[in-house]
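Spelled out from the first residue to the last, the chains are:
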Amino acid sequence: MSKSSFYSFGPGITRRTVLAGAAAGLAAATVLPRAAFAQAKVIRMSTPGAAEEWQSKALVKFKETLEAAAPRKFDVQVHFNGTLFGQGTEIEAMQRGNLEVAMISPQDVAELIPEYSIFTTGYLMRDAAHLDAVYDGEIGKEYKERVAKDLGLHIVRSQYLGSRQVMLRKPKEVKVPADLAGLKLRMPGSEAWQFLGNALGANATPLSFEEIYLALQTGTIDGLENPLPDIISNKFYEVAKQVVLTNHMVSNTFFTFAGGFWNGLSDEEKAAIESAEAQAKAFNDQGVLDTEKDAVAFLAGQGVTATTPDVDAFRKKVLDAFAGSDFAKSWPAGLLDRIQAA
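Since the structure is predicted, the reported quantities are computational estimates derived from the model, not experimental observations.

Before we move on, can you summarise the environment of R338 with the specific residues and values?
Relative to the elements of secondary structure, R338 occurs in helix α15 (residues 335–341). Residue class for R338 comes out partly exposed when judged on its relative accessible area of 35%. Between the C-alpha atoms of R338 and I139, which are 199 residues apart in sequence, the distance is 8.0 Å.

And the structure:
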């Protein structure tokens, strides 16, 4: 989308509004008539992402797989672009019974279980396989049990979100963290995310995901950090012109159910959901990995320059910041070693 087409939407209509409308149409097109779901259990799913993101596509994949495997048992309703619940509000919505499924982050969990801020440390996970080794193994079992006990949420699986990079609105030479000093770097609003942005050397600026495009366009922020597949699917390359390949976090999200809803399901229904999510996860993870392989070349074709900084300098600054933080004081003894050894 060009700048001119962005402004052609008409007064009071933003790019996000158009995306939300298109996404709603896509979701509606795949929903059977209400009468067919008279006895179906409604599963409302909320994501801040656009319909084009792999995580969003995976939600549609889950819907299609589950409804095919269990006809008329479930009515899965997917809401994109934060149109049902905004980023950061999903956990409370699930706890209140207003939402059945959301993709929540380790940072969301750390807001409510402080010692789990260990999972929000930059440069912690090595790759997507390491994420699965952690969250599908014994550590993940303990993590999910604690989340269920303390937060009333049921984590089904971890999904790969991608390796996070810094993207800047205007090109700038960035070799070390000090080169980001003074730049307003958009981060999600939680304390762990804000800490990471500052640890990278920038001025972390809280902003909801849905507001990033316009904030970049107007100069309200100087940049953001996100996995390259999400940068591409949300077309941030239209309003930002440099990617700094910091690889500062191999990130994930959790496909999560409200505990009250999950506990009310039969064993057969739970098994159908777990099977559908296994297929959705495989679809998502492979899609993200494939997109990452070609992302730099694609962005170059859009006029975005990719630069590689002194990653060791960034790693040292981020790890030192977390190790010396108040976060680290609550980390369970030995857990960091267990994560690294997984």
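Kindly report on helix α12 (residues 267–301), identifying the contributing residues and their values.
Between its first and last C-alpha, α12 extends 49 Å over 35 residues, near the 51 Å set by a 1.5 Å rise per residue. Along α12, the helix axis deviates most sharply at A295, where the bend reaches about 50 degrees. G303 occupies a position one or two residues after α12 and carries a positive phi of about 85 degrees.

Residues and numbers for the pattern of salt bridges, please.
A pair can form between side chains of opposite charge whenever their charged atoms are brought close. The tally for this structure, following the rule as stated, stands at 17 salt bridges. For K63, the salt bridge goes to E67, with nearest N and O atoms at 3.2 Å. With K63 and E67 both in helix α3 (residues 54–69) and four residues apart, this pair spans about one turn of that helix. According to the relative accessible area criterion, K63 is buried, its value standing at 3%. Residue E67 is classed as buried on the basis of its relative accessible area of 15%. A single network of salt bridges, built from pairs that share partners, joins E115, R146, K149 and D150.

Residues and numbers for the side chain of T121, please.
Tracing the backbone through its elements, the reader meets T121 in the loop between α5 (106–112) and α6 (128–135). The buried category is assigned to T121, whose relative accessible area is 6%. Polar side-chain contacts of T121 include one of 3.0 Å to the backbone oxygen of I118. Here T121 is in contact with M249, L319, F322 and W331, once residues within four sequence places are set aside.

Definitions and cut-offs
Note on numbering: residues in each chain are counted from 1, in written sequence order. Given that this is a predicted model, residues contribute local features only at a pLDDT of at least 70 and side-chain atom pairs are listed and counted only at 80 or more, while totals for whole chains, interfaces and linings are drawn from all residues. Side-chain measures were taken over the full set of non-hydrogen atoms in the model, leaving aside hydrogen atoms and water. Counting from the N terminus, the helices are DSSP H or I runs at least four residues long and the strands are E runs at least two residues long. Accessibility here uses a 1.4 Å probe with only protein chains present; expressed as a share of the type maximum, an area under 20% marks a residue as buried, one over 50% as exposed, and anything in between as partly exposed. Helix span, as expected, comes to 1.5 Å for every residue beyond the first. The bend at a residue is defined as the angle formed between two axes, one fitted to the seven residues ending at that residue and one fitted to the seven starting there. The salt bridge definition used is simple: a Lys or Arg side-chain nitrogen within 4 Å of an Asp or Glu carboxyl oxygen. Polar contact is defined as a pair of N or O atoms within 3.5 Å, subject to the rule that within protein one atom must be able to donate a hydrogen and the other to accept it, and that residues adjacent in sequence are counted only when both atoms are side-chain atoms. Whether two residues are in contact is decided by their heavy atoms, any of which lying within 4.5 Å being enough.

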